[in-house]
Amino acid sequence: MARNRHPEETVNLILDAAFRLFLEKGYEHTSIQDIIGQLGGLSKGAIYHHFKSKEDILIAVTDRMTAASNQMLADIRDRKDLTGKEKLKTIFRESIRRPVQNDIFTAAPRFCDSPRLLFSLMQDTIQNAAPNYILPIIRQGMADGSIQTEYPEQLSELILLAANVWLNPMIFDSSVEESCRKFMVFRQMLQGFGLDIVDQEMLDRLQELTAIYQKNK
């Protein structure tokens, strides 16, 4: 039974069940009791031993997804066959293409009702993704001549905050049309830095994901 598992196995069991329910019912419509019902005898007390709230479970589910995303970023960062600018374009293309994005936008919570989750996203952007993945790529681009900037740290943060927060329809409850308009401004901003790295395919995919979110929120 679930209560006899090692702690890490119990945590994974909880996260697997929660993620399935978030996909089926949406985060807002999933209760702790719903999750317990999927755990084969695991008690509410056992869940609260590992997680203080449903929001903590969501953050853990999101962290598990982020780990896979970070591995993709590292793989692109470390490629030897691309310039810095080409790596940035590849990151944007591959990030938005990932099939798991459909699941994320299907199970999406209302970020405005979850300030801890929003803070976690912004903290990961500033303290992890920007300095560890985007900044090294920008520095490479400066060295190979494909990126021109005097402020690589600030540019890496700006790009990711705009992409992960401002463009995110889950945070601002953007419609498909609003997401399109934001994307066009985002593209103009990048072009101002000499970074023509987002295209119509990416816009189409953003609109698709926004529609998924709006349908399932």
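Up top is the structure these notes are about.
Definitions and limits used
Residues numbered from 1 in each chain as written. Predicted model: local features only at pLDDT ≥ 70, side-chain atom pairs only at ≥ 80, totals over all residues. Heavy atoms only, no water. Helix = DSSP H or I, 4+ residues; strand = E, 2+ residues; numbered from the N terminus. Rg over C-alpha atoms; globule rule 2.2 N^0.38 Å. Buried < 20%, exposed > 50% of the residue type's maximum accessible area, 1.4 Å probe, protein only. Contact = heavy atoms within 4.5 Å. Areas by Shrake-Rupley, 256 points an atom, 1.4 Å probe, with all protein chains shown as cover. Lys, Arg positive; Asp, Glu negative; His and termini not counted. Charge placed at Lys NZ, Arg CZ, Asp CG, Glu CD. Patch = residues over 30% accessible without salt bridge, like charges linked within 9 Å, V, L, I, M, F, W, Y side chains within 5 Å. Salt bridge = Lys/Arg side-chain N within 4 Å of Asp/Glu carboxyl O. Expected span 1.5 Å × (residues − 1). Polar contact = N/O pair within 3.5 Å; in protein donor to acceptor, adjacent residues only side chain to side chain. Axes fitted to C-alpha atoms, helices over the stretch in contact; angles between N-to-C directions. Parallel < 35°, antiparallel > 145°, perpendicular 65-115°, else oblique. Nonpolar A, V, L, I, M, F, W, Y, C, P; charged D, E, K, R; others polar. Phe/Tyr/Trp six-rings, centres within 6.5 Å; stacked < 30°, edge-to-face > 60°. Lys NZ or Arg CZ within 6 Å of the ring centre and 35° of its normal.

**Q** Explain the overall build of the protein to me, please; I cannot follow it from the model alone.
**A** Broken down by element type, the protein carries 11 helices and zero strands. Taken against the 2.2 N^0.38 rule, which gives 17 Å for 217 residues, the C-alpha radius of gyration of the protein at 19 Å falls within 12% of a compact globule. With the principal axes as the frame, the protein shows a C-alpha extent of 60 × 35 × 25 Å. In the protein, which comprises 217 residues, the share counted as buried stands at 45%. Across the protein, every contact between residues at least 6 apart in sequence was considered, and the portion connecting residues at least 24 apart equals 67%. Here the protein displays about 11,100 Å² of accessible surface, and carbon together with sulfur accounts for 53% of that area. Each charge class in the protein was averaged separately, 26 positive and 29 negative side chains, and the resulting centres sit 3 Å apart.

**Q** Whenever I open this one, a nonpolar patch on the surface confuses me. Can you help?
**A** On the surface, Trp 166, Phe 172 and Val 185 cluster together into a nonpolar patch covering about 280 Å² of accessible area. By the secondary structure assignment, Val 185 is in helix α10 (residues 176-192).

**Q** Is there a simple way to explain the pattern of salt bridges in this structure?
**A** Pairing of side chains with opposite charge becomes possible as their charged atoms draw close. Counted under the stated rule, the structure contains 10 salt bridges. Here Glu 94 ties to Arg 97 by a salt bridge, and the two come within 3.4 Å at their closest N and O atoms. Of the two residues, Glu 94 and Arg 97 are both situated in helix α5 (residues 84-97); the distance of three residues between them amounts to about one turn of the helix. Classification of Glu 94 as partly exposed rests on a relative accessible area of 27%. Through salt bridges with shared partners, one network takes in Arg 93, Glu 94, Arg 97 and Glu 201.

**Q** Even after reading the chapter, I still don't get the environment of Leu 117, so can you show me in this structure?
**A** Take Leu 117: it is sitting in helix α7 (residues 115-144). Separated by 93 residues in sequence, Leu 117 and Glu 24 place their C-alpha atoms 20 Å apart. Non-local contacts of Leu 117, meaning those with residues more than four positions away in its chain, are made with Glu 55, Leu 58, Ile 59, Thr 62, Pro 109 and Phe 111.

**Q** Is there a simple way to think about the side chain of Asn 70 in this case?
**A** Relative to the helices and strands, Asn 70 is located in helix α4 (residues 54-77). If we ignore the near neighbours within four places in the chain, the residues touching Asn 70 are Asn 128 and Tyr 133.

**Q** Looking at this structure, I do not really get helix α11 (residues 200-216). What am I missing?
**A** An ideal rise of 1.5 Å per residue puts 24 Å on 17 residues; α11 measures up with 25 Å between its terminal C-alpha atoms. Tucked into the core, α11 has its buried residues touching α5, α6 (100-106), α9 (169-172) and α10. Between a side-chain oxygen at the N-terminus of α11 and the backbone nitrogen of Glu 201 the separation is 3.3 Å; the capping residue is Asp 199.

**Q** Mind showing me how you'd approach the side chain of Thr 149 here?
**A** The topology assignment puts Thr 149 in the loop between α7 and α8 (152-166). A distance of 3.0 Å separates the side chain of Thr 149 from the backbone nitrogen of Tyr 151, its partner in a polar contact. Those residues in contact with Thr 149 that sit more than four places away from it in its chain are Ile 138, Met 142 and Leu 155.

**Q** Would you mind showing me how to read the packing of α4 against α7 here?
**A** Helix-helix packing: each pair is described by the crossing angle between the helix axes and the interaxial distance. One way to put it is that α4 packs onto α7 with a least axis distance of 11 Å and a crossing angle of 10 degrees. In terms of orientation, α4 lies roughly parallel with respect to α7. The residues of α7 that touch α4, namely those facing Glu 55, Asp 56, Leu 58, Ile 59, Thr 62, Asp 63, Thr 66, Asn 70, Leu 73, Ala 74 and Arg 77, are Pro 115, Arg 116, Leu 117, Ser 120, Asp 124, Asn 128, Asn 132, Tyr 133, Pro 136 and Ile 137. Here the contact of α4 with α7 is composed, by residue class, of nine nonpolar, six polar and six charged.

**Q** What's the story with the packing of aromatic side chains in this structure? I'm lost.
**A** Given two aromatic rings, one states the distance between the centres and the angle between the planes to describe the pair. Enumeration over the complete set of coordinates arrives at two aromatic pairs. Note that Lys 54 overlies the ring of Tyr 27, its terminal NZ or CZ placed 4.2 Å from the centroid.

**Q** Is there a simple way to think about the environment of Phe 92 in this case?
**A** With respect to the secondary-structure elements, Phe 92 resides in helix α5. Apart from the residues within four sequence positions on either side, Phe 92 is in contact with Ile 159, Ala 163, Phe 186, Ile 197, Val 198 and Met 202.

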